[in-house]
Amino acid sequence: MTVLLTPGCTASVLPLGDLARETKTTLVTTLGAAALGNTRRFPTLVSSTGSAAWQPIALVPFLEKFSWTTLTFLCDRLTKVPSIGSYLSSLVCPTLKGYLGPPKYHLLYEFFDSSNATNQSYAGILERAQRSSRIIVVATRGDAMRDIMIAAYKLNMTSDEYVYIYLEPTSMPYLLDLLDPTGDADSDKIVREAYRSLIVVNFLDKPWSAMEELLRKIADTARTRYNYTYNHGRNEQRNDAAMAAYEAVYVFSGLINETSARIGGRVPSPPVIRAASFDRLWKLPSRDVRTGSNGFRIRDISLSRYNSTSNDFEVVWVFNGSTRNITQKTKWDDNPYLWNGRTDPPSDIPVCGFDGTLCIDRFDRDAVKKSVAGVIPVILCLAAVAGFVLHRERRRHEYDLWWSLEPTTFDYNQFSRHPSIKRRANPAPNID
């Protein structure tokens, strides 16, 4: 049988998926994208690897848990590291943006490129974020996230009113770059203070220490059969993507054997192989793999916070890919590190709004109270002075004689004799 084994890049897989459909060829992909779940378009595709949508899927109920709907989302293009850049800008970021649309969510969505970034450019995007939200989601690589947190600290944007949510790529062991020394003592101190407001989102899987024997065998096979020696450099770290490729081939081989045995050893058709991958659980040498109704892997997601006492990130919340629920580990109940010293999660909008307008009414009330408290004594003083003055005037007028005249003082007849005044006689009454 002919099988197309493809990379995980969506741009490459989509046209190959169409080709596989038209040629009725089985297509095995080492990574998954949400678009590949279209069974009508890709009826021959087999993938037991997790879709890149799982981090965004897990983030939605997490945001709902704390009523965070006003957000900033910063997405790294990483043009000089296309393997990670395409994963973020083509898969993770558009997927999350699709979930966080209006009218429920108010989202500032902005791209940046850490390949060419400077501290000043980080400051620019952070200042724009500051005017839009207090919950800032970032999809980038670890060293860039560390630099962003340092820039945020210098802008006083890592206080307890801010929450940064980092969608970490698939490098494992995860958090490695975040905790690497910067080479500068001051920066190392700053970054550990800044991490108090950081939440890291990554895949929750079996600890890598349990895979050491398998990884050793893979390295030995590469050396003895293919004359290649792993030097464990930055591009050869143990990572989830590489392990997913191994697991995809492992599962596909099992599907071939299983479906072929059911039809008497004949070669199964691609749709039969695909259907056999639905709703399964495989116990692999690496870790357990669960697939859903579309054959894609169901992933559990961890959300971790930094503990400055242990100088490490610790899992606080777990998203269950099967139930779609978020649970919090009980040991973090009432932990002061949970919300950067707060007793409750911060709001996604500052108390007074981003420009202070939400506090105008409150400030007006306070100002009125203070003004009234200050004006009343003045009014009372003025009233007392006015009362005293009026009282004095009244007493003075009481002793003036110009108005105290008897009626006999006036001779009314003199007015009638004045030449300019004609006296008018009263008409006689008409008596019948």
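Reading the values: the criteria
- Residue indices begin from 1 for each chain and proceed along its sequence in written order.
- At least 70 in pLDDT is required for a residue's local features to be given in this predicted model, at least 80 for side-chain atom pairs to be given and counted, and no such filter applies to totals for whole chains, interfaces and linings, which use all residues.
- Only hydrogens and water are set aside when side-chain values are computed; all heavy atoms of the structure are taken into account.
- Only strands that DSSP links by at least two bridges are regarded as paired with each other.
- Every helix listed is a DSSP run of H or I at least four residues long, and every strand listed is a run of E at least two residues long, numbered separately from the N terminus.
- In this analysis, axes come from line fits to C-alpha atoms, helices being fitted only over the stretch in contact, and the angle between any two N-to-C directions falls in the range 0 to 180 degrees.
- Only heavy atoms enter the contact rule, under which two residues are in contact if any of them lie within 4.5 Å.
- Each residue's exposure class comes from its accessible area (1.4 Å probe, protein chains only) as a fraction of the maximum for that residue type: buried when under 20%, exposed when over 50%, partly exposed otherwise.
- Centre distance within 6.5 Å is the pairing criterion for rings of Phe, Tyr and Trp, where only the six-membered ring of Trp is used; planes under 30 degrees apart are then read as stacked, over 60 as edge-to-face, and the remainder as tilted.
- Within this scheme, the nonpolar core is defined by two criteria: the residues are buried Ala, Val, Leu, Ile, Met, Phe, Trp, Tyr or Cys, and they are joined through side-chain atoms within 4.5 Å.

Chemist: Requested: an account of the sheet that holds strand β7 (residues 163–167), with residues and values cited.
Modeler: Here eight strands make up an open sheet; going across it, the order is β5-β4-β6-β7-β8-β11-β12-β13 and the pairing mixed. At either end of the open sheet lies a strand with only one pairing partner, and these are β5 (106–112) and β13 (325–328). Adjacent strand axes in the sheet meet at a mean angle of 25 degrees when their direction is disregarded. Across seven bridges, the pairing between strand β4 (residues 70–76) and β5 is parallel. Bridge pairing in β5 places T70 opposite H106. Together, β4, β6 (135–139), β7, β8 (198–204), β11 (300–307), β12 (312–320) and β13 form the strand contacts of helix α2 (residues 54–65), whose direction differs from that of β12 by roughly 90 degrees.

Chemist: Summarise the side chain of S187; cite the residues concerned and give the values.
Modeler: Mapping S187 onto the fold places it in helix α7 (residues 185–194). You can call S187 buried: its relative accessible area is 17%. Among all residues touching S187, those that are not within four sequence positions of it are I150 and T182.

Chemist: Could you give an account of the packing of aromatic side chains, naming the residues involved and the relevant values?
Modeler: Centre-to-centre distance and the angle between the planes together describe a pair of aromatic rings. Summed over all chains, the structure comprises 17 aromatic pairs. With 5.9 Å between their ring centres and 90 degrees between their planes, W68 and W339 make a pair best called edge-to-face. Residue W68 is found in the loop between α2 and β4, and its partner W339 is found in the loop between β13 and α11 (360–398); the two are separated by 271 residues along the sequence. Pair check on accessibility: W68 and W339 agree, each one buried.

Chemist: How would you explain the sheet that holds strand β2 (residues 26–29) if you had to name every residue and give the values?
Modeler: What the three strands build is an open sheet, ordered β1-β2-β3; its pairing is parallel. Sheet topology places β1 (3–6) and β3 (45–46) at the edges, where each strand pairs with a single neighbour. Bridging between β2 and β3 involves two bridges; their strand directions are parallel. Within β3, the residue paired with L27 across the bridge is L45.

Chemist: Now, about the side chain of T95: what can you tell me, with residues and values included?
Modeler: Here T95 shows up in helix α3 (residues 82–99). Discounting chain neighbours no more than four positions away, the residues touching T95 are A53 and P56.

Chemist: Describe unusual backbone geometry, listing the residues and the values that go with them.
Modeler: Most peptide bonds take the trans configuration, and most residues that are not glycine carry a negative phi. The omega torsion across P102 and P103 is 5 degrees, close enough to zero to call that bond cis. One non-glycine residue, S67, lies in the positive phi region at around 55 degrees. Following the sequence through the fold, S67 ends up in the loop between α2 and β4. Judged by relative accessible area, S67 falls into the exposed class, the value being 55%. For N227, which is not glycine, the phi torsion reads 55 degrees and is therefore positive.

Chemist: Break down the nonpolar core for me, with residues and values.
Modeler: Core analysis: the biggest nonpolar cluster contains 41 residues, and F62, L63, W68, I165, L167 and W317 have the highest contact counts within it. Secondary-structure elements contributing two or more residues to this core are α2, β4, α3, β6, β7, β8, β11 and β12. When residues of this core are assigned to their parent elements, the largest contribution, seven residues, is made by α2. Judged by nonpolar contacts, the second largest core, of 28 residues, contains I125, I136, V138 and A152.

These figures capture arrangement, not role.
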